[in-house]
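Okay, here's what each chain looks like letter by letter:
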Amino acid sequence: NAGVTQTPKFQVLKTGQSMTLQCAQDMNHNSMYWYRQDPGMGLRLIYYSASEGTTDKGEVPNGYNVSRLNKREFSLRLESAAPSQTSVYFCASVVYPTGTGPGETQYFGPGTRLLVL
Amino acid sequence: KNQVEQSPQSLIILEGKNCTLQCNYTVSPFSNLRWYKQDTGRGPVSLTIMTFSENTKSNGRYTATLDADTKQSSLHITASQLSDSASYICVVSQNSGYSTLTFGKGTMLLVSP
């Protein structure tokens, strides 16, 4: 049971290049999220997928696209990378409580460190 | 605007000592508050979660408190260990819907031998 896995771990891109960040979870969760984490800032939501076949914009979606390939996989694509997209990207798999549980639990992957030159 | 403010930004303590991290929030409506631990180079891991009616929640040497009236929370670490060195993030969730989390910037804790 690997939890949430992300590939690649590190990537260096030149401005204008494209790439896809991969995320997979083996916990059978319906919801998956993409965040970015920048120095001195809290995690910010880029896109999320409440369930297979659906995706929605978060706080900072510009410059990104996502694909919920199946229940396990949720990918993040940068079509034309910019230096402002230099960041650490985290994928999270989310389970929502049944009944009167205290709230969702997010399981984060190890992150992808992206540098755009 | 929903905000979560954490203090201090960073903290250095000696191994074995206790410390308390603070979190103030303006998120409304409030659903729950969670503390995460993020080791360097890793994703955040949940430590505790508290709803409106809960004042305190413990997880081993970690004890979180919540005052929903003043919109303040604290995370107390007892008898610190070197492995406690990490960033601690306060996250507040709103009442409904997806993507309703507001993350604090975190407090970076360094436990020194």
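As the structure is a prediction and not an experimental result, all values here were calculated from the model.

> Please set out the overall build of chain B residue by residue, giving values where relevant.
Scanning chain B from terminus to terminus reveals zero helices and eleven strands. N-terminal to C-terminal, the α/β element order of chain B is β-β-β-β-β-β-β-β-β-β-β. In terms of overall size, chain B behaves like a compact globule, its C-alpha atoms giving a radius of gyration of 14 Å where 113 residues would be expected to give roughly 13 Å. Seen through its principal axes, chain B has C-alpha atoms that stretch 45 × 30 × 20 Å. Within chain B, buried positions represent 46% of all 113 residues. Sequence separation of at least 24 residues holds for 55% of the intrachain contacts in chain B that already meet a minimum separation of 6. Counting only carbon and sulfur atoms, one obtains 48% of the accessible surface of chain B, whose full area is about 5500 Å². If you average the places of the 9 positive and of the 7 negative side-chain charges in chain B, the two averages end up 5 Å apart.

> Residues and numbers for the state of the cysteines, please.
In this structure the tally under the stated criterion is two disulfides over all chains. What pairs with Cys23(A) in a disulfide is Cys91(A), and their sulfur atoms sit 1.9 Å apart. Torsion about the S-S bond of the Cys23(A) and Cys91(A) cystine: about -70°, corresponding to left-handed handedness. Remark: Cys91(A) occurs in strand 9 (residues 87-95) and Cys23(A) occurs in strand 3 (residues 19-25); sequence separation between them is 68 residues. Paired through a disulfide, Cys23(B) and Cys90(B) show a sulfur-sulfur distance of 2.1 Å. Measuring the twist about the S-S bond at about -70°, one finds the Cys23(B)-Cys90(B) disulfide to be left-handed. Taken together, the residues Cys23(B) in strand 3 (residues 19-25) and Cys90(B) in strand 9 (residues 86-94) connect sequence positions 67 residues apart. Cys90(B) carries the same exposure label as Cys23(B), and that label is buried. No disulfide involves Cys19(B); its nearest neighbouring cysteine sulfur is the one of Cys90(B), lying 15 Å away.

> Please give an account of the interface of chain B and chain A that cites residues and values.
Each partner contributes residues to the interface: chain B has 18 residues there, and chain A has 22 residues. Both faces considered, chain B and chain A share a buried interface measuring about 1600 Å² in area, 58% of it formed by carbon and sulfur atoms. At the junction of chain B and chain A, the tally comes to zero salt bridges. Where chain B touches chain A, the interface holds two residue pairs in polar contact (both at pLDDT 80 or more). Of all the elements in the fold, those that place two or more residues in the side of chain B that touches chain A are strand 4 (30-38), strand 5 (45-51), strand 9 and strand 10 (101-103) of chain B. Split into classes, the residues belonging to the side of chain B that touches chain A amount to seven nonpolar, eight polar and three charged.

Rules and cut-offs
- Residues numbered from 1 in each chain as written.
- Chains lettered and ligands numbered in written order.
- Predicted model: local features only at pLDDT ≥ 70, side-chain atom pairs only at ≥ 80, totals over all residues.
- Heavy atoms only, no water.
- Helix = DSSP H or I, 4+ residues; strand = E, 2+ residues; numbered from the N terminus.
- Rg over C-alpha atoms; globule rule 2.2 N^0.38 Å.
- Buried < 20%, exposed > 50% of the residue type's maximum accessible area, 1.4 Å probe, protein only.
- Contact = heavy atoms within 4.5 Å.
- Areas by Shrake-Rupley, 256 points an atom, 1.4 Å probe, with all protein chains shown as cover.
- Lys, Arg positive; Asp, Glu negative; His and termini not counted.
- Charge placed at Lys NZ, Arg CZ, Asp CG, Glu CD.
- Disulfide = S-S within 2.5 Å.
- Buried area = accessible area lost by both parts, 1.4 Å probe.
- Salt bridge = Lys/Arg side-chain N within 4 Å of Asp/Glu carboxyl O.
- Polar contact = N/O pair within 3.5 Å; in protein donor to acceptor, adjacent residues only side chain to side chain.
- Nonpolar A, V, L, I, M, F, W, Y, C, P; charged D, E, K, R; others polar.

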